[in-house]
Amino acid sequence: MSKLKIAVQKSGRLYDESMQILKDIGISIDNGRDQLKASAKNFPLEVFYLRNGDIPQYLKDGVVDAAIIGENVLIEKGGDIQIVQKLGFSSCKVSIAVPKSAKYASMQDLEGKRIATSYPNTVQQFLDKNNVNAQLHIINGSVEIAPNIGLADAIVDIVSSGSTLFKNGLKEVEVLLKSEAVLASSPLISEANSDILNIIKFRIESVLKGRRSKYVLLNAPNDKLDEIIAILPGMKSPTVLPLAQEGWSSVHTVIDKNKFWEIIDELKGHGAEGILVCPIDNMVL
Ligand SMILES: Nc1ncnc2c1ncn2[C@@H]1O[C@H](COP(=O)(O)OP(=O)(O)OP(=O)(O)O)[C@@H](O)[C@H]1O
Ligand SMILES: O=P(O)(O)OC[C@H]1O[C@H](OP(=O)(O)OP(=O)(O)O)[C@H](O)[C@@H]1O
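What you see is a predicted model, and the numbers here were worked out from it, not measured in a lab. (Residues numbered from 1 in each chain as written. Chains lettered and ligands numbered in written order. Predicted model: local features only at pLDDT ≥ 70, side-chain atom pairs only at ≥ 80, totals over all residues. Heavy atoms only, no water.)

Turning to the overall build of the protein, a few remarks are in order. The number of helices and strands found in the protein is eight helices and 15 strands. By its C-alpha atoms, the protein is 80 × 55 × 30 Å across when sized along the principal axes. Evaluated residue by residue, the protein yields a buried proportion of 44% over its 285 residues. In the protein, the proportion of contacts linking residues at least 24 apart, taken out of those at least 6 apart, comes to 67%. With an accessible surface of roughly 15100 Å², the protein has 48% of that area assigned to carbon and sulfur atoms. Computing the positive centroid from 32 side-chain charges and the negative centroid from 34, the protein places the two 5 Å apart. (Helix = DSSP H or I, 4+ residues; strand = E, 2+ residues; numbered from the N terminus. Buried < 20%, exposed > 50% of the residue type's maximum accessible area, 1.4 Å probe, protein only. Contact = heavy atoms within 4.5 Å. Areas by Shrake-Rupley, 256 points an atom, 1.4 Å probe, with all protein chains shown as cover. Lys, Arg positive; Asp, Glu negative; His and termini not counted. Charge placed at Lys NZ, Arg CZ, Asp CG, Glu CD.)

Here it is in structure tokens:
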């Protein structure tokens, strides 16, 4: 039987959440990351533990069929590799930053300047788009230090909280792209393995929907039910069941995690009591 080969980052920021999502979709992997390759016990899947930066080439060559990888790396090195699904973790930006004291009004201020980066293709494309000529210095790590040691006038690197820029006396001036971890597929994937990847995609979608939602149960006086139901943006409509106590009902529904506190306050204001909020593992719609 065919097995899907999937690459995940061997160590680094993507590793833990990549393994967690495979676990959450019910795939049980045989080993730790000391081996470079492992098989799933209960699914036609082989996991290859690789460097994030090397994964685009493995996808292009069809050495692996799919990968969990930073979108920024795919954009830098990916060519025609297809993004199958955004995964909602490792969110960051790739941005231009300059010293806090530098005058910066527009991209034209970078004309003739030196820019240090690990993302030369992404930067060059952005410069071309803005008709700016600049000199690129390609370095693989600690990019933010470059202006302080006189190597560059500006940098392009990953920004998340902004604390690395702050610590190095830099300010963000342009955002080139926004990125998160994605599930990507090789252009050379076989039909049989595409079918397996579709099963993985379907399961991941269910897990991600579950992570974005909460299951809410509450008790409400029957004369307030219409008002309470109007507040609840359920999947279809909430389930309403009679309680043993006359004149009261139990209402069950799913709500968006981000709107949860707002909705709870409104529900209380309309007479809801005994509100229980539970996490959801999966939502299969
Ligand atoms: N500070 C951050 N916050 C959120 N996501 C980040 C951050 N830094 C990096 N990432 C994301 O995580 C990915 C992996 O980053 P990491 O620093 O672990 O490894 P890398 O140097 O890209 O990979 P490798 O060494 O495996 O080739 C990045 O490509 C990016 O998508
Ligand atoms: O905006 P922040 O939250 O400070 O994150 C940005 C930093 O995170 C990444 O580095 P990482 O910590 O992974 O170390 P690295 O330089 O070894 O990649 C990235 O290269 C930035 O330097």
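Mapped onto this numbering, the UniProt entry annotates "domain: ATP phosphoribosyltransferase catalytic" (unreviewed entry) at residues 51-204. Helix makes up 28% of residues 51-204 and strand 31%, and the two end C-alpha atoms of the span are 23 Å apart. (UniProt positions renumbered as here; feature names shortened; annotations may be inferred.)

This brings us to the packing of helix H1 (residues 15-24) against helix H6 (residues 191-211). Where H1 contacts H6, the two axes come as close as 9 Å, and the packing angle between them is 105°. Considering the angle they form, H1 stands roughly perpendicular to H6. Within the contact between the two elements, H1 uses Gln20, Ile21 and Asp24 and H6 uses Ile204, Val207, Leu208 and Arg211. When grouped by side-chain class, the residues that make up the contact of H1 with H6 number four nonpolar, one polar and two charged. (Axes fitted to C-alpha atoms, helices over the stretch in contact; angles between N-to-C directions. Parallel < 35°, antiparallel > 145°, perpendicular 65-115°, else oblique. Nonpolar A, V, L, I, M, F, W, Y, C, P; charged D, E, K, R; others polar.)

Quick look at H6 now. The first and last C-alpha atoms of H6 sit 30 Å apart over 21 residues, in line with the 30 Å expected at 1.5 Å per residue. If you check which residues of H6 are buried, you get Asn193, Ile196, Leu197, Ile200, Ile204, Ser206, Val207, Leu208 and Gly210. (Expected span 1.5 Å × (residues − 1).)

Here the distance between the centres and the angle between the planes together describe a pair of aromatic rings. Going through the model one piece at a time under the given rule, you end up with two aromatic pairs. Their ring planes at 50° and their centres at 6.3 Å tell us that Tyr15 and Tyr49 sit as a pair that is tilted. With Tyr15 in helix H1 and Tyr49 in strand E3 (residues 45-50), the pair connects residues that are 34 residues apart, well separated along the chain. This pair shows no difference in class: Tyr15 is buried, exactly as Tyr49 is. (Phe/Tyr/Trp six-rings, centres within 6.5 Å; stacked < 30°, edge-to-face > 60°.)

Attention shifts here to the domain arrangement of the protein. The domain boundaries assigned to the protein delineate domain 1 (4-90 + 180-210), domain 2 (92-178) and domain 3 (213-279). Taken over C-alpha atoms, the centre of domain 2 sits 49 Å from the centre of domain 3. (Domains from an automatic or database assignment.)

Ranked by internal contacts, the top residues of the largest apolar core, which has 31 residues, are Ile29, Leu45, Leu183 and Ile200. Breaking this core down by element, the ones donating at least two residues are strand E1 (4-9), H1, E3, strand E4 (66-70), strand E11 (181-185) and H6. With six residues, H6 is the single largest residue contributor to this core. Those residues in contact with Leu183 that sit more than four places away from it in its chain are Ile6, Ala67, Ile68, Gln82, Ile83, Val84, Gln85, Leu87, Leu197, Ile200 and Ile204. Ranked by size, the runner-up nonpolar core spans 15 residues in total, among them Ile96, Val98, Met107 and Leu127. (Core = buried A, V, L, I, M, F, W, Y, C linked by side-chain atoms within 4.5 Å.)

On to the pairing of E11, then. Consecutive side chains along a regular strand alternate between the two faces of the sheet. Where burial is concerned, most of E11 is hidden: five out of the five residues are buried. Covered by surrounding structure in E11 are Ala181, Leu183 and Ser185 together with Val182 and Ala184, the residues of both alternating faces. Sheet analysis places E4 next to E11, joined by five bridges and oriented antiparallel. In the sheet register, Ala66 faces E11, and the bridge partner there is Ser185. (Pairing = 2+ DSSP bridges.)

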